[in-house]
Amino acid sequence: MTEISTAENTQPEARQLGGVLLKVDDISVSFGEVRALIGVSFDIREREILSIIGPNGAGKTTMLNLLNGVYSPDSGTIVFKGETRQRMRPHESASLGIARTFQNVALFRGMSTLDNIMTGRNLKMSHNIFTQGLYWGPARRQEIEQRAFVEQIIDFLEIEAIRRVPVGRLPYGLQKRVELGRALAAEPTLLLLDEPMAGMNTEEKEDMCRFIFDLNEEFGTTVALIEHDMGVVMDISDRVVVLDYGRKIADGSPDEVRASQAVIDAYLGVSHDET
Amino acid sequence: MSGGQNIAISGDTIPELLIERGKAQPHRSAIREKDFGIWQSWTWEQVCAEVRAFACGLSEMGLARGDKVAILGDNRPRLYWAMAAVQSMGGVPVPVYQDAIADEVSYVLSHAEIRFAVLENQEQVDKVLSVRENSPALEGLIYTDPRGMRNYKMPFLHGFEDVVERGRKHDAAQANFFDGEVAKGKGSDLAIILYTSGTTGRPKGVMLSYDNIVITARNANRVENVREDEEVLAYLPMAWVGDHIFSYAQALIAGFTVSCPESSDTLMLDLRELGPTFFFAPPRVFENILTTVVVRMEDASALKRWMFTYFMEVARRSGTNILEGKPVPLGDRLLYAMGKVLVYGPLRNTLGFTRLRRAYTAGEAIGPETFNFYRSLGINLKQLYGQTEASVYVTIQPDNEVKLETVGKAAPDCEIKIADNGEVLYRSPGVFLGYYQNDDATAETKTADGWVHTGDAGVIDEDGHLKIIDRAKDVGRLANGTLFAPKYLENKLKFLPAIREAVAFGDGSDYATAMINIDIDAVGNWAERQGISYTNYIDLADHDKVYELVAGGIRDINANLAKDPNLAGSAIRRFLILHKELDADDGELTRTRKVRRGFIAERYGTLVDALYSNATSVTVEAAVVFEDGRKGKVKADLKIRNVDGPVVAEPLRKAG
């Protein structure tokens, strides 16, 4: 995959990463006898792009679901924006500023692109079902404000042409872009992306990478993504966390991880003893 | 629909006319742009203010009279204002095709000695930055869309708003400066340089004066009854003379509103929303729209398909006659009226053509099916013939004299004559001043008394209409003396729905042959219905059944050719289907999508040789340029087929 940067045209700014935004401390999750995550710890700094990689079944999506509040850890804590939590519900995580996309695209298939992204503004809207139902006065004004914001996102993601198209009819690559739009509509501090490049060709991947870079730079959004395409991971990540059979086996810059023997073994396959 | 006030304005130069328009009708919409989902508009007064401010800003940055300023981007109000601003300061705008690759842009920047460039967005800025070192005269770059420009910190790079701000201050300090500069402009001054993409060699810079543009636009408005309440979608490249005349000059002189679409992806949607009254597209766009309609009808319900087939037959019978005011039996009229409600009206609405008063097409021959389709729906589609060197109009078909095979009668004040070798020459007030820095080419094209060689061969028919046959230099002969007009054959080939592009060969050879590009939409759709599976374009283009489909079409064409004794001998005997579409980025087509036959013959020389042998296949390996400018290589084996049976050289006989 080719380099995305236009480094020769821009002043290379050092990556301005902030303090620790989210910290996962000694997390373990089991589903019955299956130990999905075992004592995993890492952190994510503000404005960082962090990739979570690992062979299939390593526990990556479980980790994302954990950060999102879909699962609760059996032991260990999550510290987000300085607050320690043992249990968090998905709607709590959403109002705290965590948004995500899903591996299999969970859009409302009968609704248009525009409407799908508008649903992402849900928590920003304050009116109740009655005032919104009547579509009058303050509710109408708010709808217009939200629409203006969503149009900015549509412009950012270059999806004007499919505004009114029901998302069920869109090709897979565009559906993923719309889902990204819906996540961005929530103005998240932390964006969790579950395999955003899956099923895309090279051109679509390059577009998606460009959007991730741009939103990280323009909006200062921290991004944690699960990804299998090593080219993408190495090109866009500030840091990479590697999981294997529920354990973290590496955590560092893309170059460090690429050279790590433990990572190479995990991907190429070395006989494991059951632990 | 009244024509509005139709206030006439009388200035000689574009800036003078703009100022007049701004005073005469300050609150009418001048230009619109769809942005963030809504149409945003500016009045003539607002446009004048923006142009004034930007012009003063440019002047403060150092723009001097006679300086050339490049304009590069999609159709955007700010880019049109930049053009007018440059002109008001006595400078010369030089628009460049927005999809030009860096090398092409570099050529224009250095050849025209461009001092400033107004660029739409980051993509164009990057393009220019990558070739900046080749153009030492280039001093300043101005971008109109700030997205993505956050980290660009070069001192010579400025945002549009910043320049406008500086301009306002400058204007406030020296209130008479702007008007003073505008007053210095004369009708004979150089107004714009338009580089023609040209089918051979490097592009040439056509220099047009204000007189060229203004007089031509005024004449066109008059003879075509263009009014103040026209609606036009500005979607054709700003570097093309047509857009400059239709969306810039004619709009200003008639006072109508021009609308810029949101993006190239949303074009059909925006067209439909706007419902233009005045529209231009090259024939292939009309063909593509027709193909889309036909393809989508295949997917419609049985009832709709029946309605479409039945009423399109009604339209075919009577539609054109009704449009032209000819007698039609009452029964057919009633059927047509029913068709209007059920089919033609909704169809025109979907395409955005409900309000069309006139739709022009030019540049190439248009297929009979396509032409009749639109006219039978009641759309006033007509042909015109023109060149950049003529400020567009050489001939126009009048409303009541629209014919398939001709390009129309001479435009107002335009004289036409046919040379002995069949070449068409013209003379008009729109004739260009010359080619920039290329007196040799100017002398070759324009005679001392102002006649221009078009390079096209044509005849004038009994109604006084001009009929174009082919490029004068391309009309050739087969080895046995038979007339060989490659364009004529290519047009017939392209009128087959399965074929998108074709190149014919045969001059000096024993028989005619062709290289074909299939139309992926039409053939793909056909393949699906036939149960033929394919993975991609190359796969489909290689399929035996597709070859049979094309061969069948060619057999029909040959049968048609056989009817004309002059052309019977140029029947196409062998053909091959190319593995990739001919592309302007690879230099195979011009930016206005005409085939560059010489270039193609050279690049695919091995294929041409194989066509004139008995080979049944040939390997091609060619360098290609991807859309982002990267280079790559493509290799494929192409099948060659005889159209019918083994090929024998035509026995020597006199041309009929």
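None of these values were measured; they are calculated from a predicted model. (Residues numbered from 1 in each chain as written. Chains lettered and ligands numbered in written order. Predicted model: local features only at pLDDT ≥ 70, side-chain atom pairs only at ≥ 80, totals over all residues.)

Some details on the overall build of chain B
A tally of regular secondary structure across chain B gives 21 helices and 28 strands. A compact globule built from 656 residues would reach a C-alpha radius of gyration of about 26 Å, and chain B, at 26 Å, matches this within 12%. C-alpha extents for chain B along the principal axes are approximately 80 × 65 × 55 Å. Within chain B, buried positions represent 47% of all 656 residues. Residue pairs at least 24 apart in sequence account for 65% of intrachain contacts in chain B once pairs closer than 6 positions are excluded. (Helix = DSSP H or I, 4+ residues; strand = E, 2+ residues; numbered from the N terminus. Rg over C-alpha atoms; globule rule 2.2 N^0.38 Å. Buried ≥ 20, exposed ≤ 12 C-beta atoms within 10 Å, placed from the backbone. Contact = placed C-beta atoms within 7 Å.)

Describing the pairing of strand β8 (residues 190–196) of chain B
All names here are of chain B. Burial within β8 is extensive, with 5 of its 7 residues counted as buried. Where β8 and strand β9 (residues 204–209) come together, 6 bridges link them in antiparallel fashion. When the sheet's bridge partners are listed, L190 is paired in β9 with S209. (Pairing = 2+ DSSP bridges.)

Observations regarding the sheet that holds strand β3 (residues 68–72) of chain B
Residue and element names in this part refer to chain B. The parallel open sheet is built from 5 strands, whose spatial order is β4-β3-β5-β6-β7. Pairing within the sheet leaves two strands with one partner each, and these edge strands are β4 (92–96) and β7 (157–159). Strand-to-strand twist of the sheet, defined as the mean angle between neighbouring strand axes without regard to direction, takes the value 25 degrees. Two strands pair when backbone bridges link them, and strand β5 (residues 114–119) and strand β6 (residues 140–143) are joined in this way by 4 bridges, in the parallel orientation. Within β6, the residue paired with V118 across the bridge is I142. (Axes fitted to C-alpha atoms, helices over the stretch in contact; angles between N-to-C directions.)

Quick look at the environment of D299 of chain B
Residue and element names in this part refer to chain B. Considering the arrangement of structural elements, one finds D299 in the loop between α11 (283–298) and α12 (302–323). For D299, a count of 9 C-beta atoms within 10 Å gives the class exposed. Distance from D299 to E501, taken between C-alpha atoms, is 25 Å for residues 202 residues apart in sequence.

Some remarks on the sheet that holds strand β21 (residues 466–471) of chain B
All names here are of chain B. One open sheet accounts for 4 strands, arranged β17-β18-β20-β21; its pairing is antiparallel. Each edge of the open sheet carries a strand with a single partner, namely β17 (415–418) and β21. For this sheet, the mean inter-axis angle between neighbouring strands, taken without regard to orientation, is 50 degrees. Alignment of β17 against strand β18 (residues 423–427), held across 4 bridges, turns out to be antiparallel. Looking across to β18, one finds that I416 is bridged to Y426.

What to know about the domain arrangement of chain B
Residue and element names in this part refer to chain B. Domain annotation for chain B reports domain 1 (14–208), domain 2 (283–471) and domain 3 (476–642). On a C-alpha basis, the centres of domain 1 and domain 2 stand 33 Å from each other. Tallying the contact residues gives 11 residues for domain 1 and 11 residues for domain 2. Secondary-structure elements contributing two or more residues to the side of domain 1 that touches domain 2 are β8 and β9. Here the side of domain 1 that touches domain 2 takes 5 residues from β9, the largest share from any one element. Split by residue class, the side of domain 1 that touches domain 2 holds 7 nonpolar, 3 polar and 1 charged. (Domains from an automatic or database assignment. Nonpolar A, V, L, I, M, F, W, Y, C, P; charged D, E, K, R; others polar.)

Quick word on the nonpolar core
Among the nonpolar cores identified, the biggest contains 138 residues, and I71 and A117 of chain B are the most heavily contacted of them. Here this core spans two domains, and each of domain 1 (14–208) and domain 2 (283–471) of chain B adds at least three residues to it. If near-sequence neighbours (up to four positions away) are discounted, A117 of chain B is found in contact with V69, A70, L72, V128, L138 and L141 of chain B. Residues L21, Y71, V167 and V223 of chain A belong to the second largest nonpolar core, which totals 65 residues. (Core = buried A, V, L, I, M, F, W, Y, C linked by C-beta atoms within 7 Å.)

Some words on the packing of α11 of chain B against helix α14 (residues 368–376) of chain B
Residues and elements named next belong to chain B. At a minimum axis distance of 10 Å, the contact between α11 and α14 shows a crossing angle of 75 degrees. As far as their axial angle goes, α14 and α11 are roughly perpendicular. Contact residues: α11 offers P283, F286, E287 and L290, while α14 offers T370, F373 and Y374. Of the residues that constitute the contact of α11 with α14, the class distribution is 5 nonpolar, 1 polar and 1 charged. (Parallel < 35°, antiparallel > 145°, perpendicular 65-115°, else oblique.)

Some details on the packing of helix α8 (residues 210–223) of chain B against helix α9 (residues 241–254) of chain B
All names here are of chain B. Their axes nearest at 9 Å, the elements α8 and α9 cross at an angle of 75 degrees. If you check the angle between α8 and α9, you find them roughly perpendicular. Facing I213, V214, T216, A217, R218, A220 and N221 of α8, the residues of α9 in contact are I245, A249, Q250, I253 and A254. Counted by class, the contact of α8 with α9 contains 8 nonpolar, 3 polar and 1 charged residues.

What to know about the environment of L466 of chain B
Mapped onto the secondary structure, L466 of chain B falls in strand β21. Residues contacting L466 of chain B, with those up to four places away along its chain left out, are Y385, T395, T406, V407, G408, I416, V424, G458 and I460 of chain B.

Re the pairing of β6 of chain B
Side-chain positions along a regular strand alternate between the two faces of the sheet. Residues and elements named next belong to chain B. Between β5 and its parallel partner β6, the chain crosses via helix α5 (residues 122–131), and the hand of that crossover is right-handed. In this sheet, β7 lies alongside β6 in parallel orientation, the contact comprising 3 bridges. Directly across from L141, in β7, lies its bridge partner L157. (Right-handed = clockwise from strand over helix to strand, strands pointing away.)

Notes on helix α13 (residues 330–351) of chain B
Residue and element names in this part refer to chain B. At K340, α13 shows its largest bend, some 60 degrees. Every buried residue of α13 is accounted for by Y336, G339, K340, V343, Y344, L347 and L351. Tucked into the core, α13 has its buried residues touching α11 and α12. At the exit of α13 stands G352, carrying a positive phi of roughly 85 degrees. (Bend = angle between axes of the 7 residues up to and from the residue.)

Structural notes on unusual backbone geometry
Leaving glycine aside, a negative phi is the common case for residues, and trans is the common case for peptide bonds. All names here are of chain A. Phi is positive for E195, close to 50 degrees, though the residue is something other than glycine. According to the C-beta neighbour criterion, E195 is buried, with 20 such atoms within 10 Å. The backbone phi angle of Y245 is positive, close to 50 degrees, even though this residue is not glycine. Here Y245 is to be found in the loop between β9 (239–244) and β10 (247–252). Under the C-beta neighbour-count criterion, Y245 is labelled partly exposed, with 18 such atoms within 10 Å.

Looking at α12 of chain B
Residues and elements named next belong to chain B. In a regular helix each residue adds 1.5 Å, so 22 residues correspond to 32 Å; α12 covers 29 Å between its end C-alpha atoms and thus fits that length. In the structure, α12 departs most strongly from a straight axis at R316, where the bend amounts to approximately 45 degrees. Looking at the packing, one finds that the buried side of α12 touches α13 and α14. Positive backbone phi, approximately 75 degrees, marks G325, located one or two places after α12. (Expected span 1.5 Å × (residues − 1).)

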